[in-house]
Structure formats: structure tokens, C-alpha cells
Amino acid sequence: MAESRHFTGSRGEVPVDDQHPKSDANAPPTHPGKMKRTLTPGNFFKTVANVLASGPVLLAALFRPKTSAALREKVMLGVTSITDCRYCQWGHTHWAMAQGVPLEEVNQILGHQIESLKAKNPAEAAAILFAQHYAENLDRFDPESIENLRNYYSDAQIAEILAYVRAITLGSLTGNTVDAFLGRFR
């Protein structure tokens, strides 16, 4: 019989089967969940290289963005909904709302409730779904996902969306890595 392991919380520790659990009112509750994605030797260099490759597009977007600031934040939230970085969720939720994105829409993106967004704005939904697909596959994305973006965006806009996705992927994996490291000292 195979034993299944569940990872808990943001620290990613494996629960221990203890016949006599100790009562500790100060201990944080343990909830079964999944281990958060972090930077590893296997993905670090590729992730950094992707951001560096998108550097000129990111720099140009600072001065002459091809997409709206609201779309940028929605794309960032799309990645964050997959990587589950608490720092990115907090920051980009606030920045999205500062760009006029309603809290309800932020929660829909973070909760993977894209169907209502598809009906409201299929172009934005395509960008958010691409961001989530990229984050799920860490740069091994289906070329059809880029083709789907071409239905709504120019090549320059697609390059900018991809650059944002790559940047937030590095940022959120870094945030999760820092959290995992600090969790070892708690």
C-alpha cells in the first residue's frame, strides 16, 4: 500500500505521523496543501536568463508601455495565483486596485475564476490564462497559447505580456524561496 504525503502551509514541511501528539496552544495549525514552487538549481538559471532576455522589453515598457497598467497587474496576479507567493499577492492586489481593478475581479483571478472574465473581456482573459499556463509549466508552454494571444494583441504587446510573466515568475519564485528558507528557522 502506497503512502501518500501531503505538504503543509507555506513552509512546505512534511507532516509527521505521531501516535501521541503534543498539545501546544501556540503551535500553528497544520493544513494539508501543496508545496510552493521555489527557485531550484534546475530552474534558477533558465528563469533568470528568461528575465534577462526580456530586459529590453521591460525597460521599454517603463517609458512607453504597449499594454495598460491594469492589464499588467492582472497578468501578474495570474502568475501569482499559480505560484502562491504571499508577497506578490499582497503587492499586486494593491497595485491592481490602484489601477482601477475591482477587488472582486482580483479575487476572481486569484481564485482561478476566469469564466466570468472571459465573457466580460476575452482579450484580458486570454492574457491571464497565458500567464497561468506559463507559471504552471515554467517556460514549457504550448505554442498555441501564444497563438491565442495573437487573436487579441500585437506582437509588441505579446512580447510585453511575456516579459511581465517572466519577471513576476522570477519574483514570486524568489519570494517563495525566501519564505522556505526563513521557515527553517521558525
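Residues numbered from 1 in each chain as written. Predicted model: local features only at pLDDT ≥ 70, side-chain atom pairs only at ≥ 80, totals over all residues. Heavy atoms only, no water.

1. Some words on the pattern of salt bridges
Logical step 1: For the structure shown, the criterion picks out nine salt bridges.
Logical step 2: Here E124 makes a salt bridge to K74, at a shortest N to O gap of 2.4 Å. One end of the pair, E124, is in helix α7 (residues 122-137); the other, K74, is in helix α3 (residues 69-83), and 50 residues separate them in sequence. With respect to burial, E124 and K74 carry one shared label: buried.
Logical step 3: Linking E147 and R150 is a salt bridge whose minimum nitrogen-to-oxygen distance equals 3.2 Å. With E147 and R150 both in helix α8 (residues 143-150) and three residues apart, the pair spans about one turn of that helix.
Logical step 4: Residues participating in the shared-partner salt-bridge network are K74, E105, K120 and E124. (Salt bridge = Lys/Arg side-chain N within 4 Å of Asp/Glu carboxyl O. Helix = DSSP H or I, 4+ residues; strand = E, 2+ residues; numbered from the N terminus. Buried < 20%, exposed > 50% of the residue type's maximum accessible area, 1.4 Å probe, protein only.)

2. Overview of the confidence of the model for the protein
As a general rule, the predicted coordinates of low-pLDDT regions are not to be interpreted in detail.
Logical step 1: Of all residues in the protein, 82% have pLDDT values of 70 or greater, and the mean over the chain is 84.
Logical step 2: Per-residue pLDDT stays below 50 along residues 1-32; that stretch engages in 27 contacts with residues further than four places along the chain or on separate chains. (pLDDT = per-residue confidence, 0-100. Contact = heavy atoms within 4.5 Å.)

3. Here's the deal with helix α1 (residues 41-53)
Logical step 1: An ideal rise of 1.5 Å per residue puts 18 Å on 13 residues; α1 measures up with 19 Å between its terminal C-alpha atoms.
Logical step 2: Burial in α1 covers these residues: N43, T47, N50 and V51. Along the axis of α1, the buried positions cluster into a sector of 95°, meaning they face one direction only. Residues of α1 that are exposed and point over 90 degrees away from its buried face: P41, F45, L52 and A53.
Logical step 3: Looking at the buried residues of α1, the elements they touch are α2 (55-63), α7 and α9 (155-183). (Expected span 1.5 Å × (residues − 1). Arc of directions from axis to C-beta.)

4. Structural notes on the packing of aromatic side chains
Two measures describe an aromatic ring pair: the distance that separates the ring centres and the angle between the ring planes.
Logical step 1: Tallied over the entire structure, the rule returns five aromatic pairs.
Logical step 2: On the numbers, 5.5 Å between centres and 80° between planes, the contact of F130 with F141 is edge-to-face. A residue pair is termed long-range when its members are at least 10 positions apart, and F130 in helix α7 and F141 in the loop between α7 and α8 qualify at 11 residues.
Logical step 3: For the pair Y134 and F141, a centre-to-centre distance of 5.7 Å together with 35° between the ring planes defines the contact as tilted.
Logical step 4: Note on F141: relative accessible area 22%, which makes it partly exposed.
Logical step 5: Through a chain of ring-to-ring contacts, the aromatic side chains of F130, Y134 and F141 assemble into a single cluster. (Phe/Tyr/Trp six-rings, centres within 6.5 Å; stacked < 30°, edge-to-face > 60°.)

5. Concerning the packing of α3 against helix α5 (residues 103-110)
Logical step 1: Between α3 and α5, the shortest axis-to-axis distance is 8 Å and the interhelical angle comes to 40°. With respect to their mutual orientation, α3 and α5 come out oblique. Residue-level inspection shows K74, L77, G78 and S81 of α3 in contact with α5, the latter providing E105, V106, I109 and L110.
Logical step 2: When grouped by side-chain class, the residues that make up the contact of α3 with α5 number four nonpolar, two polar and two charged. (Axes fitted to C-alpha atoms, helices over the stretch in contact; angles between N-to-C directions. Parallel < 35°, antiparallel > 145°, perpendicular 65-115°, else oblique. Nonpolar A, V, L, I, M, F, W, Y, C, P; charged D, E, K, R; others polar.)

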